[in-house]
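An overview of the molecular structure
Okay, here's what each chain looks like letter by letter:
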Amino acid sequence: MRVSYRSKLILACVFLFLFFGFLLSWVQLQREKDHSKELYRFQFAILSDLTAGFMQHYPVDSVEKFVSQAEALDLIIPEVKICILNPTGEYRIGDPAHGVMSDYSEEPEVQNALITGIGSGIRVPFGAKQPHFYYARQYEDFMLWMDMPFEYSKTLFTSSNLFALFLLLLFFASLCLILLHSDILRRNLVKISDFLDSDGSDHLDYEHFKLPENETGLLLRKIIRNYQQLQQSRDEINVLQEKLIRHFHYVQEGICIFSPQREKIYANALFVQYISNILDEPTFDMQRIFSSPEFKEMVDFLDANMPVQPNDARLPSYSSVLEKNGRTYKVRLLVFSDNGFEVSLDDVTRLEQNKALKQEMTNNIAHELKTPVSSIRGYLETVLENGMDDDQRKFFLERAYNQTLRLTDLIQDVSFLNKIEEASDLFKKEPVVVKDIVSEVVEDLRIDMENQEVVFENALTDNVVVNGNRTLLYALFRNLVENSLHYAGKGVVIHIEMYDQDSTLYHFDYYDTGGGVDDVHLARLFDRFYRVSEGRTRKDGGSGLGLAIVKNAVQFHGGMITARKYKDHGLEFIFSLSK
């Protein structure tokens, strides 16, 4: 059980009081005893002189005569035993009522009297309980020896020792002052304790703590001043930490910080995205990299160079290149002085230069426009230059009309894509239930799914709500599903789920069980008009911009998307959306 400082102080004062009271009582009793001894010695000195004078005027030679004459002169006190001894200490005459002995020379007071002329002492006679006062005095031709029960006052507070009473009162007053000041100190300590316990508030009211103008107040002021400095430093660290985390969140590099025990402290969304693409399946468990074969070389380096000493001049670092699912990542490892470390992933996949990309886009757009325009021209020339019946004319006009629809879709997709990239602020955001959007897409494409014998698995829940644009989210999921319907083939399974989340992002997994694509195509699936010549056969009706729209819609919602093979067949998309 914890004992408070005040209780300890009270107990110490009580013990001190008891000890002081005992010591004072013992001193006072000794003084009273010494005072009584002096009084007895003074009385016996007077009595011995009277008795000696009586002996000189009234010589006696027997005990009976001594007693009768002493009683007549009131020299015999009932409580006092008087004996007349020879100068050498042998018994001569004494009071028979008290008993006598033949030789007194061995008594301490007699021995002192033989040497100095006077002797006295206090002791308990044999067979008695009360101490006696003994007195012996040497005269010219005899020695007087006296004995009387010794008594003294054992009461401490008497009229003769008011000083002791004053000391006790002073002690009690001092005790009260100590307790008063201890209570003040306790309140000040409680005040500073409350001050420290109020750490949870944003800004502490330091003026609220009124402190005494003494050493305690000075100490508490120093504590408060140091605490203010610590709080200011902590606020600065929090600001720097917030800036650093914000930087990590938006930097175009995947970053994860680990503790010395290899536990994740922080990972930005891009790192999660890259890890999910590198490992065999989507995950939010960053510790899996330590058992992944892709990171074995990095883990071996970490095992060989850990732990480090805080005073090491150069801390170890590691860098390598990792290729997976058609993309190339630069892996960096930085070790800190506390044996924590940082792993960073940077997607350094070699993309074409902007000029070449624009040239390719121009060629692709020209190619996409050339096919429907040429078809429309051919159909119309056939109708105009050849005589034909109404059914033939209707056939060629319907073909020309279908090509205009394809051309319209292409123009709309290009316009839609440019709007996302260049005028994204025109898309308003609102809370959108993702499951409802996916269900709407499935309902709109139900006939196509039934024709393709596709099984759609919607594993989303109603609580996945994104603050986004409904039109863009619809375009995102419709283009993903249409891509699977156009290229995956018949009898496949399409699956979507939200496999994890953090404080800012939902992480989604979308896949189909179709034929998939080769790794060399994965990095470019989201390019405009990119064609996969093998693995998935394109059907009529697509503009070639579907996955480009998907990528831009994901980026509009603060996420990232990557493509990979799904279990050696099929195609899987790992992407995230901001909450």
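Each remark here, short or long, concerns the structure printed above.
Throughout what follows, the structure given in this document is the object of discussion. (Residues numbered from 1 in each chain as written. Predicted model: local features only at pLDDT ≥ 70, side-chain atom pairs only at ≥ 80, totals over all residues. Heavy atoms only, no water.)

1. Regarding the sheet that holds strand E10 (residues 341-347)
The strand order E7-E6-E10-E9-E8 describes an open sheet built from five strands, whose pairing is antiparallel. The open sheet has two edge strands with one neighbour each: strand E7 (264-267) and strand E8 (317-324). In this sheet, neighbouring strand axes are inclined to one another by 15 degrees on average, regardless of whether the strands run parallel or antiparallel. As judged from the seven bridges shared by strand E9 (residues 327-335) and E10, these two strands associate in the antiparallel manner. Residue pairing in the sheet places Leu 334 in a bridge with Glu 342 of E10. Contacts between helix H6 (residues 269-278) and the sheet are confined to strand E6 (254-258), E7, E8, E9 and E10, with E10 contributing the most and set at about 70 degrees to the helix. Running at roughly 10 degrees to E9, helix H7 (residues 296-305) makes contact with E8, E9 and E10 of the sheet. (Pairing = 2+ DSSP bridges. Helix = DSSP H or I, 4+ residues; strand = E, 2+ residues; numbered from the N terminus. Axes fitted to C-alpha atoms, helices over the stretch in contact; angles between N-to-C directions. Contact = heavy atoms within 4.5 Å.)

2. Focus: the sheet that holds strand E15 (residues 505-512)
Taken in spatial order, the five strands of this open sheet run E12-E14-E15-E17-E16, and their pairing is mixed. Strands at the two margins of the open sheet, each flanked by one partner only, are strand E12 (455-458) and strand E16 (561-565). Neighbour-to-neighbour, the strand axes of this sheet turn through a mean angle of 20 degrees, independent of strand direction. Note that E12 and strand E14 (residues 493-501) share four bridges and pair parallel. Bridge pairing links Glu 457 to His 495 in E14. Here H6 sits on the sheet and contacts E14, E15, E16 and strand E17 (571-578); the angle it forms with E16, its principal contact strand, is near 10 degrees. Strand contacts of helix H10 (residues 434-444): E12, E14 and E15, with the helix running at about 170 degrees to E12, the strand carrying the most contacts.

3. Concerning helix H3 (residues 108-116)
Along H3, the residues classified as buried are Glu 109, Val 110 and Ala 113. One face of H3 carries all of its buried residues, which in axial projection span an arc of 100 degrees. Opposite the packed face of H3, turned more than 90 degrees from it, sit the exposed residues Ile 115 and Thr 116. If you follow the buried residues of H3, they end up packed against strand E1 (81-85), strand E3 (118-123), strand E4 (132-138) and strand E5 (143-149). Two residues or fewer after H3 comes Gly 117, characterised by a positive phi angle close to 100 degrees. (Buried < 20%, exposed > 50% of the residue type's maximum accessible area, 1.4 Å probe, protein only. Arc of directions from axis to C-beta.)

4. Comments concerning the nonpolar core
Within the largest apolar cluster, 44 residues are counted, with the highest numbers of intra-cluster contacts made by Leu 476, Phe 477, Val 481, Phe 573 and Phe 575. Only H10, helix H12 (470-487), E14, E15, helix H14 (546-556), E16 and E17 provide two or more residues apiece to this core. Ranked by residue count, the leading element in this core is H12, at eight residues. Residues in contact with Phe 575, not counting those within four places in the same chain, are Gln 273, Leu 476, Phe 477, Leu 480, Tyr 506, His 507, Phe 508, Tyr 510, Val 554, Met 560 and Ile 561. Counting 28 residues, the second-largest nonpolar core is a separate cluster that includes Val 308, Val 331, Leu 333 and Phe 341. (Core = buried A, V, L, I, M, F, W, Y, C linked by side-chain atoms within 4.5 Å.)

5. Points about the packing of aromatic side chains
A complete count under the given rule lists 21 aromatic pairs for this structure. On the numbers, 6.2 Å between centres and 25 degrees between planes, the contact of Phe 133 with Phe 150 is stacked. Of the two residues, Phe 133 is situated in strand E4 and Phe 150 in the loop between E5 and helix H4 (162-197); the sequence distance between them amounts to 17 residues. Residue classification places Phe 133 among the buried residues on the basis of a relative accessible area of 0%. The buried category is assigned to Phe 150, whose relative accessible area is 3%. Chaining the aromatic ring pairs together yields one cluster made of Tyr 40, Phe 44, Phe 133, Tyr 135 and Phe 150. (Phe/Tyr/Trp six-rings, centres within 6.5 Å; stacked < 30°, edge-to-face > 60°.)

6. Concerning the pattern of salt bridges
The final tally for this structure, using the stated rule, is 13 salt bridges. Measuring nitrogen to oxygen at the nearest pair gives 2.9 Å for the salt bridge that ties Lys 296 to Asp 300. Within this pair, Lys 296 and its partner Asp 300 are both found in helix H7, separated by four residues, close to a single helical turn. Residue Asp 300 is classed as partly exposed on the basis of its relative accessible area of 37%. Close ionic contact of Glu 443 with Arg 446 constitutes a salt bridge, the shortest N to O distance being 3.1 Å. By relative accessible area, Glu 443 is classed as partly exposed at 49%. A residue is classified by how much of its surface remains accessible, and Arg 446, at 37% relative accessible area, is partly exposed. Linked through salt bridges whose partners overlap, the residues forming this network are Glu 107, Glu 109 and Arg 123. (Salt bridge = Lys/Arg side-chain N within 4 Å of Asp/Glu carboxyl O.)

7. Some details on the pairing of E17
Across the eight residues of E17, seven count as buried, placing the element largely inside the fold. For E15 and E17, the ladder comprises eight bridges, and the chain directions are antiparallel. Looking across to E17, one finds that Leu 505 is bridged to Ser 578. Where E16 and E17 come together, five bridges link them in antiparallel fashion. Pairing of Ala 563 across the sheet is with Phe 573, part of E17.

8. Here we look at H7
Every buried residue of H7 is listed here: Met 298, Val 299 and Leu 302. The buried residues of H7 occupy an angular sector of 100 degrees when the element is viewed end-on, so they sit on one face. Turned more than 90 degrees away from the buried face of H7, the exposed residues are Lys 296, Glu 297 and Ala 304. Contacts from the buried residues of H7 go to E8, E9 and E10.

Any link to function would need more than the numbers given here.
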